[in-house]
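# An overview of the molecular structure
Listed here are the chains, written in short residue letters.
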Amino acid sequence: MKHQSDILALKYRPTDFKDLIGQEYLVETIQKSIEQNKIPNAYIFTGIRGVGKTTTARIVAKMLNCTAFDQNKRPDLNNCDQAKAISEDRHPDVIEIDAASNTSVENAREIIENVKYNPVLGRYKVYIIDEVHMLSKSAFNALLKTLEEPPPHSKFIFATTEISKVPITILSRCQRFDLRRINKKTLFSFLEVIAQKEKISISKDALNLIVRASDGSVRDSLSILDQANIFKSQEEIQVEEIINMLGFAKQSDLYNLSRFILENNLPEIMNMLNDMYQRGSETSKIIEDLMNIVNWSCKLKIDKNLIKDEFNTEEDNQFASYVVQYDHGKLNIFWQSLMKGYDEIKISPHPHTTLEMVLLRCSFLLNDQNSDGSDEKKKSEIAPTPSKPSPILDQAVQNKIKTPEPLSLKDRITLHQSFFQFYGQNFSPLMAGIIMENCEIIEFSEIEKILTIHVVNENFEGSEELKSNLKNEFQLSIVVKKNIDTLESIKMLYKKELIAIETQSEDFQKVLAKFPNAKIIDIEEVERGEKNDG
């Protein structure tokens with residue numbers, strides 16, 4: 001008889017569909033297909049690790065070969081000798097194959113040779129192939145004909161975590177079931193029951209953290225609970241022990257770190273990171289958790305009901321109340337900076353040092369501070385720039401006010417660049433670039449506090465931040481137009497204008513005299529210094 005394991009993930013492995021949690025659609029569909037004798041040639045189960053793919057395959061094999069039925073004529077697996085033999089891995093007609101170690105076409109041919117023989121004990125000969133995506137292309141091709149027209153007594157059940165790697169020709173011959181992640185409420189209730197059965201004392205916060213860490217995987221949650229029960233230093237398992245055991249950062253620390261970044265509190269960022277490092281928090285896990293926080297913050301601004309989630313802690317609710325003051329533009333910059341930093345950390349020889357620089361960069365971008373880390377500027381404050389105002393720009397604006405004559409292409413470029421310099425210095429260089437990609441600057445004066453822009457979509461990316469930053473200081477006018485000229489398109493027009501002028505020049509006419517087919521493909525305007533006579 002098979003040894004009864006003390007490992008929770010094995011001890012509480014479902015042996016019947018009634019024990020399988022979170023997969024109601026799958027259970028109902030397969031039960032009905034067996035009752036109506038509409039059984040496909042092959043099943044394929046896919047989903048993340050630990051949601052019951054292989055377990056479901058074994059239960060289906062039991063139901064197909066079950067000889068005991070209850071009063072409703074449903075398979076009674078608890079009182080069936082065939083099912084018991086399958087549970088104990090001693091049934092000759094249920095063959096379980098690990099595709100990771102049997103990948104070749106020879107292994108597939110062996111299956112094809114054996115599939116034609118009748119079952120010894122059961123009604124069906126069932127082949128369970130786990131991690132089927134590991135089979136070679138030749139092995140898949142060898143199975144195609146058998147899967148399409150197998151002998152009536154043979155059934156195939158495939159399980160995989162990477163369904164995208166299974167050829168479409170195989171998928172089209174199988175009945176596919178996607179096993180879902182187990183939702184937090186179901187998994188929490190399940191773990192509570194297991195803890196009571198095993199007489200494990202654990203706090204609600206610790207159990208909640210296990211649910212979060214397992215990410216919808218039953219096996220992962222049971223493994224963590226098992227480990228925590230061994231690791232515990234007192235009678236009741238506390239959340240701090242789960243954090244230390246898994247190398248997590250405390251959720252309160254992550255929220256505080258997010259606050260420090262958003263508020264540009266550079267000393268506290270460094271102190272917090274150093275503290276996390278000393279406690280053994282994983283570098284990649286810190287940035288992943290920060291990304292989850294930013295993602296959750298963005299979704300909070302879209303759906304206010306998320307704050308009512310029963311699994312939210314007091315820390316979650318406090319941070320939610322704090323973060324709503326930041327607009328989507330700022331949160332989006334935060335996300336993009338973390339994403340870029342995540343890639344940098346993966347290739348860095350010193351991940352923790354890189355993390356420090358990534359988070360400092362996030363803070364600079366979000367708050368647009370000088371490198372000395374001063375926090376005298378506020379979000380909506382427009383400080384005067386030390387640069388000398390452009391006489392060309394001021395004259396252009398005055399001319400526009402006095403006469404309806406349009407600006408030249410060169411002056412339009414200068415106008416756009418002046419706004420970019422102003423917004424980049426006082427707010428965010430990154431967001432300044434995003435705004436320039438979506439707007440045409442019609443009128444701008446830093447002295448007179450005027451900004452008029454044309455846009456195709458009034459709710460363009462960066463519009464919310466632009467309005468928030470300038471509404472108190474500037475006379476802001478946003479006009480929706482069907483077509484606009486962005487800075488890049490104006491530069492292209494200006495380049496064409498320069499080429500047209502140069503084509504008519506005396507120097508180019510001399511070139512044409514010698515090379516009649518000559519053309520000017522590209523041109524650059526060289527800026528000269530005031531004292532440069534050359």
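Nothing here was measured: the structure is a model prediction, and the numbers come from that model.

### Quick word on the overall build of the protein
If you tally the helices and strands in the protein, you get 23 helices and eight strands. Taken against the 2.2 N^0.38 rule, which gives 24 Å for 534 residues, the C-alpha radius of gyration of the protein at 33 Å runs more than 25% over that of a compact globule. Summarising its shape, the C-alpha atoms of the protein cover approximately 100 × 70 × 45 Å along the three principal directions. Per-residue burial for the protein yields a buried fraction of 46% across its 534 residues. On the protein, roughly 29,400 Å² of surface is accessible, and the fraction owed to carbon and sulfur atoms is 49%. Looking at charge distribution, the protein has the averaged site of its 67 positive side-chain charges lying 6 Å from that of its 80 negative ones.

### Considering the environment of Ile230
Considering the arrangement of structural elements, one finds Ile230 in helix H10 (residues 218-231). The spatial distance from the C-alpha of Ile230 to the C-alpha of Met245 is 11 Å, given a sequence separation of 15 residues.

### What about the side chain of His352?
On the secondary structure map, His352 appears in helix H17 (residues 351-367). When residues no more than four places from it in sequence are discounted, the contact partners of His352 are Leu273, Tyr277 and Thr283.

### Some points on helix H2 (residues 24-35)
The end-to-end C-alpha distance of H2 is 17 Å, a good match for the 16 Å that twelve residues give at a rise of 1.5 Å each. Those residues of H2 that fall on the buried side of the exposure criterion are Leu26, Val27, Ile30, Gln31, Ser33 and Ile34. For H2, the angular spread of the buried residues around the axis is 165°, confining them to a single face. Within H2, the exposed residues directed more than 90 degrees away from the buried face are Glu24 and Tyr25. Looking at the buried residues of H2, the elements they touch are strand E1 (42-46), helix H3 (53-65) and strand E5 (175-178). Among the residues trailing H2, Asn37 stands out with phi positive, at a value near 55°.

### Description of the packing of helix H8 (residues 184-197) against helix H9 (residues 204-214)
Running from amino to carboxyl end, H8 crosses H9 at an angle of 125°, the nearest separation of the two axes being 10 Å. The angle between H8 and H9 places the two elements in the oblique class. Viewed along their axes, H8 and H9 form a crossing whose handedness is right-handed. For the pair formed by H8 and H9, the contact residues are Lys184, Leu187, Phe188, Leu191 and Glu192 on the first element and Lys204, Leu207, Asn208, Ile210, Val211 and Ser214 on the second.

### Quick word on the sheet that holds strand E8 (residues 475-480)
What the three strands build is an open sheet, ordered E6-E7-E8; its pairing is mixed. Edge positions in the open sheet fall to strand E6 (439-445) and E8, since each of these has one partner strand only. Across this sheet, the average inter-strand angle for adjacent strands is 15°, counted without regard to direction. In the packing of helix H19 (residues 409-426) onto the sheet, the strands contacted are E6 and strand E7 (450-455), and the crossing angle to E6 comes to about 80°. On the sheet, helix H20 (residues 429-438) packs against E6 and E7 and is oriented at approximately 110° with respect to E6.

### Notes on the packing of aromatic side chains
Evaluated as defined, the whole model comprises 16 aromatic pairs. Plain terms: the ring middles of Tyr322 and Tyr326 are 5.7 Å apart, the flat faces sit at 65° to each other, and that makes the pair edge-to-face. As far as the burial class goes, Tyr322 and Tyr326 line up, both buried. With centroids separated by 6.2 Å and ring planes inclined at 5°, the aromatic side chains of Phe444 and Phe474 adopt a geometry described as stacked. Residue Phe444 is located in strand E6, and its partner Phe474 is located in the loop between helix H21 (463-470) and E8; the two are separated by 30 residues in the primary sequence. Considered together, Phe444 and Phe474 belong to a single accessibility category, that of buried residues. Taken together, the ring pairs connect Phe419, Phe422, Tyr423, Phe427, Phe444 and Phe474 into an aromatic cluster. Just above the ring of Tyr322 sits the side chain of Arg259; from NZ or CZ to the centre is 5.1 Å.

### Quick word on the pattern of salt bridges
Tallying each qualifying case throughout the model produces 21 salt bridges. Glu344 is paired through a salt bridge with Arg361; the nearest N and O atoms lie 3.2 Å apart. Of the two residues, Glu344 sits in helix H16 (residues 328-347) while Arg361 sits in helix H17, which places them 17 residues apart along the sequence. Each member of the salt-bridge network shares a partner with another, and the members are Lys340, Glu344 and Arg361.

### Some remarks on the packing of H19 against H21
Geometrically, a packed helix pair is captured by the angle between its two axes and the distance between the axes. The N-to-C vectors of H19 and H21 enclose an angle of 75°; their axes lie 13 Å apart at closest approach. Taken together, the axis directions place H19 and H21 in an arrangement best described as roughly perpendicular. Residues Phe419, Phe422 and Tyr423 of H19 lie in contact with H21, whose contacting residues are Glu465, Leu466, Asn469 and Leu470. In terms of residue class, the contact of H19 with H21 is built from five nonpolar, one polar and one charged.

Parameters and conventions
Residues numbered from 1 in each chain as written. Predicted model: local features only at pLDDT ≥ 70, side-chain atom pairs only at ≥ 80, totals over all residues. Heavy atoms only, no water. Helix = DSSP H or I, 4+ residues; strand = E, 2+ residues; numbered from the N terminus. Rg over C-alpha atoms; globule rule 2.2 N^0.38 Å. Buried < 20%, exposed > 50% of the residue type's maximum accessible area, 1.4 Å probe, protein only. Areas by Shrake-Rupley, 256 points an atom, 1.4 Å probe, with all protein chains shown as cover. Lys, Arg positive; Asp, Glu negative; His and termini not counted. Charge placed at Lys NZ, Arg CZ, Asp CG, Glu CD. Contact = heavy atoms within 4.5 Å. Expected span 1.5 Å × (residues − 1). Arc of directions from axis to C-beta. Axes fitted to C-alpha atoms, helices over the stretch in contact; angles between N-to-C directions. Parallel < 35°, antiparallel > 145°, perpendicular 65-115°, else oblique. Left-handed = near helix turned anticlockwise from the far one by under 90°. Pairing = 2+ DSSP bridges. Phe/Tyr/Trp six-rings, centres within 6.5 Å; stacked < 30°, edge-to-face > 60°. Lys NZ or Arg CZ within 6 Å of the ring centre and 35° of its normal. Salt bridge = Lys/Arg side-chain N within 4 Å of Asp/Glu carboxyl O. Nonpolar A, V, L, I, M, F, W, Y, C, P; charged D, E, K, R; others polar.

Fair warning: the whole summary comes from geometry, so function is off the table for now.
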